[in-house]
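The primary structure of each chain is shown beneath.
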Amino acid sequence: MNNFVELLAAWALFHESADEGWKAAVARGRAQTPGAMKDGPDAFVEGLAALVDEEKERLKQRLAEESTTPEKGTPSESAERLEQLGFEIAELRGQVESLQASIDGIADQLQR
Amino acid sequence: MASQTNCSVDIPAGRGRRILAQAAAGLLRTLWHCRFGLVDAQRRRKIVGQQARRFCEAMGPSFIKLGQLASVRPDVFAPETVFELERLQDRIAPVSTRVIREAITRQLGADPDRVFADFDDEPLAAASVAQVHRARLRQAYRPVRGAVLPAGTWVAVKVLRPGIDSIIAADLAIARRWAQRLSRFRRLARWGPIELVDEFADMLGRELDLRNEGRTADRFGHDFKDDPQVRVPRIIWRHSTSRILVSEFVEGWRLNELGAAERAGIDARRLAIHGADVFMRQVLVLGYFHADLHPANLFVTPEGQLCFLDFGIVGTTTAAQQEAIAQVLAGLVYGDAARALRYSRKLGLEIPETQVEPIRAKIEQLVHTHLLAPATADVRGFALGFLSTLTDFRVRIPAGYGLLIKALVTVEGVSHAIYPDLDLMEAAQPFATRLIAAQLMRPERLRERVAAARSAAMEALLA
């Protein structure tokens, strides 16, 4: 039993250290000046960590928005599909209008 | 007056001789400036480019258009020629307004004064194949996207020069005849002169049907609808045909008119970076890109938007190419020449194994000289050096690859016109990193890597 608890404690410690290391890398990455990412592998990893953290915050925000408005997911997809369909129909309308303009021109030529 | 026919195309008398005479004069000038071949290869190619540009300008609209199309084809022509042809002056004397009015009447079946509430007889621009006038809508119009354009809205009316298609068809017929003659010589036949003329004829044919340009503009505008900094004039299809394209009139500054006063009113640095970002989104996400960006085709509006015009030449990328391009970009941005070269080969660059190392070394040198130099990066210098290296090593450049490199150089030019001090490589670093990270995080890529990662973990545990 003791071994098992010790194993879990080691596991928790490992995660805690990794988390602290990660947070420190993000902080150092955020403090970088533009172009500093090419100053070596450590600088690159820290810059990357800051970028990943930014993306994580965006993901968190998006998930939070989705969870507060549960019905939003499907209707927004439908709205997007509807918009796409609307655009394709409008494209077709444009082509028909252009054909109509050409036919008007030809008809006028024939009448002359 | 027509004297000959070739595949039912009327060729004006003496046109072939005039072209031949001009070409011969150009050849003599080239030989003289090249000191009859004594100057080095790079300088020689530059002189050939200069003479080719002068030849196109002297021979009129169809050759100017051919030159413009050639300027986005480093896969066919030497890089120095391509970069020189980019400077072609596409400004010629306007056609008389009477002729333009007649063309509109013939196309739309009504006089411009009946079609539009106002029609400005003074042309806004006159180029080799088309002329643009300003007009106002007589009635409100609902475009393919966005809000209804009310009556009285200013529009730009682009009209193909009357007779331009027969001029181009005649010149192409002459070019085809010469291509047939040239292809009898084995040394010249490997360049595929007939196929080249046919390809150019196809490209020109697409450009001469203005509806293609209109459709691409609508698609582009739709794909960037969520980006408030991108503006694409909407098309008024009711008054557009294959020879007339009517679009929203957008006011703004051409990039070469952008002075300190104009820059002061907008966030120029942000807009310049955004411009590069928009291009990357086209290439790496949407799968098509505006391949003819030059100062006349891009505006900055007083609201700080980038306005894209003239979608005559469009390049495309497949999903596999997008992934490889992202890796090439990352390789260049972080100075990893081997990676850039490895993924360039995936894009169709055929480099024999024996030449990989010398080319990699040369690219590494170019990357450090032009892209990672302490001063501002010089993408143009890098591209010219890179394409010259491939030419020197006789490596065939795939069409899409060449077009992309040319487009990247243009993006640098555009970004610098907006904000001269921008270091494009530095600006591209976060973008390239995000892109690679996003690619690695794709479920299919993760699945691919899981097995290898599991084996590596087991080995580490059992060791």
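Per chain, the residues get numbers from 1 upward, laid out in the order the sequence is written. Written order decides the labels, with chains lettered from A and ligands numbered from 1. Residues qualify for local features only when their pLDDT is at least 70, as the model is predicted, and side-chain atom pairs are given and counted only at 80 or more; totals for whole chains, interfaces and linings, by contrast, use all residues. Side-chain descriptors were evaluated using all non-hydrogen atoms of the structure, hydrogens and water having been removed beforehand.

> Would you explain a nonpolar patch on the surface in this entry?
On the surface, a cluster of nonpolar side chains totalling about 540 Å² of accessible area is made up of A:F4, A:V5, A:L7, A:L8 and A:W11. Helix and strand definitions follow DSSP, with helices as H or I runs of at least four residues and strands as E runs of at least two, each counted in order from the N terminus. Relative to the assigned elements, A:V5 resides in helix α1 (residues 2-30). Patch membership requires more than 30% relative accessible area and the absence of a salt bridge. Residues of like charge join within 9 Å; the nonpolar side chains Val, Leu, Ile, Met, Phe, Trp and Tyr join within 5 Å. Surface exposure here means Shrake-Rupley accessible area, sampled with a 1.4 Å probe, where a residue is shielded only by the protein chains that are shown. Whenever a carboxyl oxygen of Asp or Glu lies within 4 Å of a side-chain nitrogen of Lys or Arg, that contact is scored as a salt bridge.

> Just to check I follow, could you spell out the pattern of salt bridges for this structure?
Between side chains of opposite charge, pairing is possible as soon as their charged atoms come close. Per the stated rule, a full pass over the model turns up 35 salt bridges over all chains. With a shortest N-O distance of 3.0 Å, B:D118 and B:R136 are connected by a salt bridge. Placement of B:D118 in strand β3 (residues 116-119) and of B:R136 in strand β5 (residues 130-137) is noted, with a sequence separation of 18 residues between them. Judged by relative accessible area, B:D118 falls into the partly exposed class, the value being 32%. Burial status follows relative accessibility: with a 1.4 Å probe on protein chains alone, a residue under 20% of its type maximum counts as buried, one over 50% as exposed, and anything between as partly exposed. Look at B:R136 and you get partly exposed, because its relative accessible area is 28%. One network of salt bridges, with partners in common, ties together A:R30, A:D53, A:K56, A:E57 and A:K60.

> Mind showing me how you'd approach the domain arrangement of chain A here?
Interface size is commonly expressed as the accessible area that is lost once the parts come together. Domain boundaries shown here were taken from an automatic or database domain assignment. When its domains are assigned, chain A resolves into domain 1 (1-68) and domain 2 (72-112). In this structure, domain 1 of chain A and domain 2 of chain A have C-alpha centres spaced 49 Å apart.

> Got a minute to help me understand helix α5 (residues 97-108) of chain B in this structure?
An α-helical turn contains 3.6 residues, so a residue and the one three or four places further along point in the same direction. Residues and elements named next belong to chain B. Spanning 12 residues, α5 covers 16 Å between terminal C-alpha atoms, matching the ideal 16 Å at 1.5 Å per step. Within α5, the full set of buried residues consists of I100, R101, A103, I104, T105 and L108. Once α5 ends, the next one or two residues include G109, with phi positive near 75 degrees. Here the expected span of a helix is defined as 1.5 Å times the quantity of residues minus one.

> Got a minute to help me understand unusual backbone geometry in this structure?
The bulk of non-glycine residues show a negative phi, and the bulk of peptide bonds are trans. Residues and elements named next belong to chain B. Positioned with a positive phi, D310 is a non-glycine residue whose angle comes to about 55 degrees. In the Ramachandran plot, R394 falls in the positive-phi region, its phi being about 55 degrees despite a non-glycine side chain. Checked against the element boundaries, R394 lands in the loop between α16 (379-392) and α17 (399-418). R394 sits in the exposed class, given a relative accessible area of 73%.

> Looking at this structure, I do not really get the interface of chain B and chain A. What am I missing?
Two residues form a contact once any of their heavy atoms are found within 4.5 Å. Opposite the 25 residues of chain B that make contact, chain A presents 26 residues. Using a 1.4 Å probe, buried area is obtained as the accessible area two parts lose upon being combined, added over both of them. Buried surface at the junction of chain B and chain A, both sides included, amounts to about 2,200 Å², of which 56% is carbon and sulfur. Inspection of the region where chain B meets chain A yields two salt bridges. For A:E91, the salt bridge identified is with B:R219, shortest N-O distance 3.8 Å. Whenever a nitrogen or oxygen atom comes within 3.5 Å of another N or O atom, the pair is scored as a polar contact, on the condition that within protein one atom can donate a hydrogen and the other can accept it, and that pairs from neighbouring residues in sequence are kept only if both atoms are in side chains. Put simply, chain B and chain A have five residue pairs in polar contact (both at pLDDT 80 or more) between them. Those elements giving two or more residues to the side of chain B that touches chain A turn out to be α5, α10 (210-223) and α18 (424-440) of chain B. Only Asp, Glu, Lys and Arg are considered charged in this grouping, and only Ala, Val, Leu, Ile, Met, Phe, Trp, Tyr, Cys and Pro are considered nonpolar; every other residue, Gly among them, is considered polar. Looking at the side of chain B that touches chain A residue by residue, the class counts come to seven nonpolar, eight polar and 10 charged.

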